Structures are given as C-alpha cells and as structure tokens.
Amino acid sequence: PSFISHFFPLVKPAMIRLQSLVQILLLLKVFYVPTFAIEPPSSTLVINQQRSAGSAFLVHQKNHPSLHKPLFSCRGGGEIMDTTSNDAQNNIIKSSTETITNALVSGPHIQGIAALYFVSAISVTLFTMIRPSYAFSVGYGGSVAVMALALMMAFDVPFTLPSQKMQSLPALLVNASLLYGVRLAVYLAFRRLTVPSIRNSTSKTDQMSKSKGIKLALSVSILYTFMMTPVLYALRRGKIDENIMPNKIQSAGVIIAYVGLFMEAISDMHKYIVKWQNNAEYGSEIFVGPTSGTFRICRHPSFFGEMTFWFGLFLGGTVAFGKSIPAWLCSTLGLFGIFSVMSPSSKGLDQRQLERYGGQEKYDSYRLKVKGSLFPSF
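Residues numbered from 1 in each chain as written. Predicted model: local features only at pLDDT ≥ 70, side-chain atom pairs only at ≥ 80, totals over all residues. Heavy atoms only, no water.

## Thoughts on empty space enclosed by the protein
One pass over the full model with this rule turns up 1 cavity of 30 Å³ or more. Quantified by volume, the largest cavity comes out at close to 40 Å³. Around the largest cavity, the lining residues are Phe 226, Met 227, Pro 230, Trp 310, Leu 313, Phe 314, Ser 331, Gly 334 and Leu 335. Where the lining of the largest cavity is concerned, the elements lending two or more residues are α8 (210–237), α10 (301–318) and α11 (325–357). Broken down by class, the residue content of the lining of the largest cavity amounts to 7 nonpolar, 2 polar and no charged. (1 Å grid on protein atoms, 1.4 Å probe; cavity = no way out; pocket = protein on both sides within 12 Å on 5 of 7 lines; lining within 4 Å. Points joined across faces, edges and corners; volume = space filled by probe spheres on them. Helix = DSSP H or I, 4+ residues; strand = E, 2+ residues; numbered from the N terminus. Nonpolar A, V, L, I, M, F, W, Y, C, P; charged D, E, K, R; others polar.)

Next up, the structure:
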C-alpha cells in the first residue's frame, strides 16, 4: 500500500500527458476509427440521440447481418459517415508507408537518409509533446527504437534470433539498435518516475512552449538520424561473404556494439540499485557508489558503454558506405556528435561529484583506484 500511494501520484501526470498524446494521434488520423457503413435504402437506421449524455448512438431498427459491425459514436454528433472516407485515409497511410519503405530500401542516398529523418522526427516530436525534456531522454531512446523498427519492417528483418535471416550481420546490427532504444527509453522513463531529483532537474525544460519543443525535437532528430545511418547502409548492402575482410570488419562492429549495449544496461541498473539500497538520491551529499563491477573500468561506464555501442554501429556500417559521400558525411557527423555530447557530460559530472564528495574517504579512495573518467585507464 505504501508503494502504491507513492507511485500513483507520480504516474498521474504522465497519464494525463499520454491522454493528450492519444488525442493528437487521433487528430493526425494515425488511429483507425471504425465507422458504420451506409446501408441500402431497404434497411433503415434510427439515430437515437441522448443529448443529456452529449453522445449519439446508432441503433439498427431490424435484425441485419451488419449488426456485428462497430457503431460510431461522437460527442454531440450522430452523423453517419461513409466508409469510403476511411478507405481514402487508409490509402494515404499505405501510400506514405510504401514511399518511406521504397526510399529506405532503394531510394537515392539523400532520399533514404531523409526518410530515416522523417521517422525520427515524428517519433521525437510525439515524445516532446508529452514532455519537452523527453527530446533528449526518453525520446532519444524511443527514436532509436522506432527507426530500428522501421528499418526492420522495410528490409523484412525478423525479431527472432534463431531465424535464418538473423545470421546476417546487418540483421544483428538493427536488432541491437532496437534493443538499445527500447531498453534506454524504458529505463529513463522509469527512473524519472521514481527519482524526484531527476524530475526536478528537468523542470525548467518542461516549461518550454510547444513550438519551442517541436523545434528542439526537429533539431535533435538530425543527430539521431545520422547516428543510425550506418545501420541503414549495412542493411542496403546485405549479407557479405564470410571470407573477405569487410565481413571481418562488420563482425567486429557487431561485437563492439553488443558489448557497449550490455555494458551501458548493466551500469545503469547497477547504479540505480545501489542508490535504492542506500536510500540515496542522485546528487545526494553522501557518496554511496557504486565502486564495483563495470565501475572498476572507469568512473562513468554508462557513458563509455553508450559511445562503444555507437562506435560499433559505425564500424559495422562503414563496409557498406563505398564511395557515397552522404553515407560517410552523415555517419561521421553522427559519431562525432554523440562523442561531443558524452565528453563534456562526463567532465561536468566529474566536476560536480568532486565538489560534492571531495574529502569523503570512500570517494577519494575510489577516485585514486579508478583514474579513468570516460575511458578506461590501465
């Protein structure tokens, strides 16, 4: 009971914003709204409007085979809609999906990257509409997952590891991207719900207007797209013969990406558990660790794991770039971009920890033993 009384007040604001997101999706015609088909003149329909409830309900007057169809009700309405309008909407969605798929699979270089950006921008914008700070947290992971899912659907890559198609290295790269995005988005959302200091740290950003939030989403989506560009080109080239050097390079990229994926996941969970066990907030005045496990490698193994993951994806995609300038340029900018974010982030976190924990025996001893901040030191 104490957990429930503490947890639900945290979830309530998120549910309110989720409701707003659903309304936005309805306005964008993303969801299919079932309608009641217009019947021939021989079959009559009676509209029983209950104005007190503010709704209109369609009631079939006779026993008719179409009774099993869903009835369409709307606030203050009662108008019967022709299903041809839904057919037109479905055709538009189908046509748009085919256009994006064709651009990803076989379109010109710029067109394929632009299609990937479109997927990223839509997903990040929707997350930003829930909360502006999600643009570079939950929306970051969510965007990677959605782009990976779009690529898997476009290139017909299965989710199941035992599948024969999963034996190809590009399939392993895109599945790693999906796992990375889903894991990161879920973890960041859960941490924000359960850690007050994390929520407080983004309170100013969450006061941003919707127009500024959308601009922010469209901007960061460029970086997320460039970071995923190597996976797009790896899938375009397909499986490489095992006995040639590009296959070995791509194999190394796959291994590095999965090592980074699991290292970041383990480090994030380890730190969260240690904080929870010691009843310590992120940014508390007493240093509680962790100091073991991946934290023996460097002081910020989550950041190191993240950069390792993206470097693995980049390496795995380079064998498919060929002489494509957009591929090399966008992928290199993506890798440079994430390194440019992680490096100052680790330095800033180091400085804050030194100011907060400096002089505490446990922290000073740990800092002497583990000298590497972002990268391992031996």
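Picking up after the structure, the text goes on.
## Structural notes on the pattern of salt bridges
Tallying each qualifying case throughout the model produces 6 salt bridges. Asp 206 is paired through a salt bridge with Arg 131; the nearest N and O atoms lie 3.4 Å apart. Within this pair, whereas Asp 206 is found in helix α7 (residues 203–206), its partner Arg 131 is found in the loop between α3 (109–130) and α4 (138–154), the two being separated by 75 residues in sequence. Arg 131 shares its class with Asp 206; the two are buried. By sharing partners, the salt bridges in this structure join Arg 131, Arg 192 and Asp 206 into a single network. (Salt bridge = Lys/Arg side-chain N within 4 Å of Asp/Glu carboxyl O. Buried < 20%, exposed > 50% of the residue type's maximum accessible area, 1.4 Å probe, protein only.)

## Considerations on the side chain of Thr 225
Looking at the element boundaries, Thr 225 is found in helix α8. Dropping the residues within four chain positions of it, Thr 225 is found in contact with Ile 113, Leu 116, Tyr 117, Ser 120 and Met 147. (Contact = heavy atoms within 4.5 Å.)

## Some thoughts on the side chain of Asp 268
Inspection of the secondary structure puts Asp 268 in helix α9 (residues 245–277). Ignoring sequence-local partners within four residues, the contact set of Asp 268 consists of Arg 183, Tyr 187 and Ser 302.

## Quick notes on the layout of surface pockets
In this structure, the largest pocket encloses a volume near 1400 Å³. Leu 188, Arg 191, Ile 198, Phe 303 and Leu 349 are the residues nearest the centre of the largest pocket, which is lined by 42 residues in total. Secondary-structure elements contributing two or more residues to the lining of the largest pocket are α5 (169–194), α6 (196–201), α8, α9, α10 and α11. Of all the elements, α11 adds the most residues to the lining of the largest pocket, at 9 residues. Across the lining of the largest pocket, the residue classes break down as 21 nonpolar, 11 polar and 10 charged.

## A look at the packing of α10 against α11
As a packed pair, α10 and α11 sit with axes 10 Å apart at the nearest point and diverge in direction by 170 degrees. What the angle tells us is that α10 and α11 run roughly antiparallel. For the pair α10 and α11, the contacting residues are Phe 303, Glu 306, Met 307, Trp 310, Phe 311, Phe 314 and Thr 318 in the first and Trp 328, Ser 331, Thr 332, Leu 335, Ile 338, Phe 339, Met 342, Ser 345, Ser 346 and Leu 349 in the second. Classifying every residue of the contact of α10 with α11 by side-chain character gives 11 nonpolar, 5 polar and 1 charged. (Axes fitted to C-alpha atoms, helices over the stretch in contact; angles between N-to-C directions. Parallel < 35°, antiparallel > 145°, perpendicular 65-115°, else oblique.)

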